[in-house]
Amino acid sequence: MDNRYSLGIYEKAMPNSLSIDEKLELAKITGFDRLEISIDETDEKLERLYDDSGREISKYVKKINIPIKTMCLSGHRKYPLGSHDPEIRKKSLEILNLALEFSDRVGIRIIQLAGYDVYYEDGDADTVNYFQENLNIITERAAKYGIILAFETMETEFMDTIAKSMNYVNKIGSPYLGIYPDIGNLMNAYVKYDIEPISDLINGEGKIFAAHLKETKPGIYRNMDFGTGHTDYDLFIKELIRQKVRIFTGEFWHLGEEDYTDKIKKASIFLRDKIEKWL
């Protein structure tokens with residue numbers, strides 16, 4: 001472990017058939033410093049917030065001696081903060097409350113929020129207003145726990161750049177709300193809009209708390225191996241290091257490979273080489 005930075009692995013990079021303790025063990029032996037837990041829109045992952053999983057997981061964290069410091073909370077895609085449906089908005093707030101309680105038990109410091117007002121609905125002025133109103137509510141609740149909420153830059157136009165994320169961060173004005181960008185998604189946005197990358201990254205200086213490292217190509221946002229796309233790791237990591245960002249997570253997916261342990265080890269080596277080059 002290099003104590004100058006933290007490199008985590010996204011839970012979905014591992015077979016879903018593995019138990020959480022097996023995933024923690026795998027993260028440890030393949031060269032990662034921590035596991036980023038996924039709470040996505042599936043009933044299986046959301047159920048973690050409703051049962052007593054947090055207490056059990058915290059025991060494994062201590063036993064195996066590898067932390068879970070970040071959560072990817074993509075469950076809001078199905079239950080978005082900005083939904084036209086008041087019952088869905090109510091569910092969205094409930095999920096966030098439970099995610100904060102879960103995080104408090106497990107030791108999670110940063111919850112990554114999906115940067116959507118809505119996903120399966122058409123957005124409009126109402127969804128934006130609902131999103132902002134509920135964002136203010138959940139940020140106040142996060143402050144109570146001392147847990148940071150941070151937007152992921154997404155693949156949709158609502159929040160696919162740092163500047164768009166900062167629009168909401170600045171409106172809320174809380175030390176507990178910032179950005180946890182996905183550099184692969186940003187790369188696609190910069191090509192799409194012909195944006196100069198550094199100028200957009202500077203928009204978030206002081207409010208970028210961590211970064212997802214992911215491979216993409218124009219129009220392709222997932223399921224790629226590191227080094228096979230157009231993500232400019234040197235450009236992003238150099239600037240993030242300059243901004244004193246030190247928490248990174250390798251975001252990739254298990255695609256059924258039998259040799260997944262080898263794939264994960266290679267990802268760890270690839271990403272550490274990219275990060276340590278600029279430290």
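Residues numbered from 1 in each chain as written. Predicted model: local features only at pLDDT ≥ 70, side-chain atom pairs only at ≥ 80, totals over all residues. Heavy atoms only, no water.

Caption draft 1: Highlighting a negative patch on the surface. There is a patch of like negative charges on the surface, built from Asp 43, Glu 47, Asp 51 and Glu 56. Positionally, Asp 51 belongs in the loop between helix H2 (43-50) and helix H3 (53-64). The class for Asp 51 is partly exposed, based on a relative accessible area of 33%. (Patch = residues over 30% accessible without salt bridge, like charges linked within 9 Å, V, L, I, M, F, W, Y side chains within 5 Å. Areas by Shrake-Rupley, 256 points an atom, 1.4 Å probe, with all protein chains shown as cover. Salt bridge = Lys/Arg side-chain N within 4 Å of Asp/Glu carboxyl O. Lys, Arg positive; Asp, Glu negative; His and termini not counted. Charge placed at Lys NZ, Arg CZ, Asp CG, Glu CD. Helix = DSSP H or I, 4+ residues; strand = E, 2+ residues; numbered from the N terminus. Buried < 20%, exposed > 50% of the residue type's maximum accessible area, 1.4 Å probe, protein only.)

Caption draft 2: Molecular detail of helix H5 (residues 125-145). An ideal rise of 1.5 Å per residue puts 30 Å on 21 residues; H5 measures up with 31 Å between its terminal C-alpha atoms. Those residues of H5 lying buried are Thr 127, Phe 131, Asn 134, Leu 135, Ile 138, Thr 139 and Ala 142. Buried residues of H5 fall within an arc of 155° about the axis and therefore sit on the same side. Across from the buried face of H5, at angles greater than 90 degrees, the exposed residues are Ala 125, Glu 140 and Lys 144. Those residues of H5 that are buried are in contact with helix H4 (86-106), strand S4 (110-114), strand S5 (148-152), helix H6 (162-172) and strand S6 (177-179). A side-chain oxygen of the first residue of H5 lies 2.9 Å from the backbone nitrogen of Asp 126; this N-cap is Asp 124. Positive backbone phi, approximately 70°, marks Gly 146, located one or two places after H5. (Expected span 1.5 Å × (residues − 1). Arc of directions from axis to C-beta. Contact = heavy atoms within 4.5 Å. Polar contact = N/O pair within 3.5 Å; in protein donor to acceptor, adjacent residues only side chain to side chain.)

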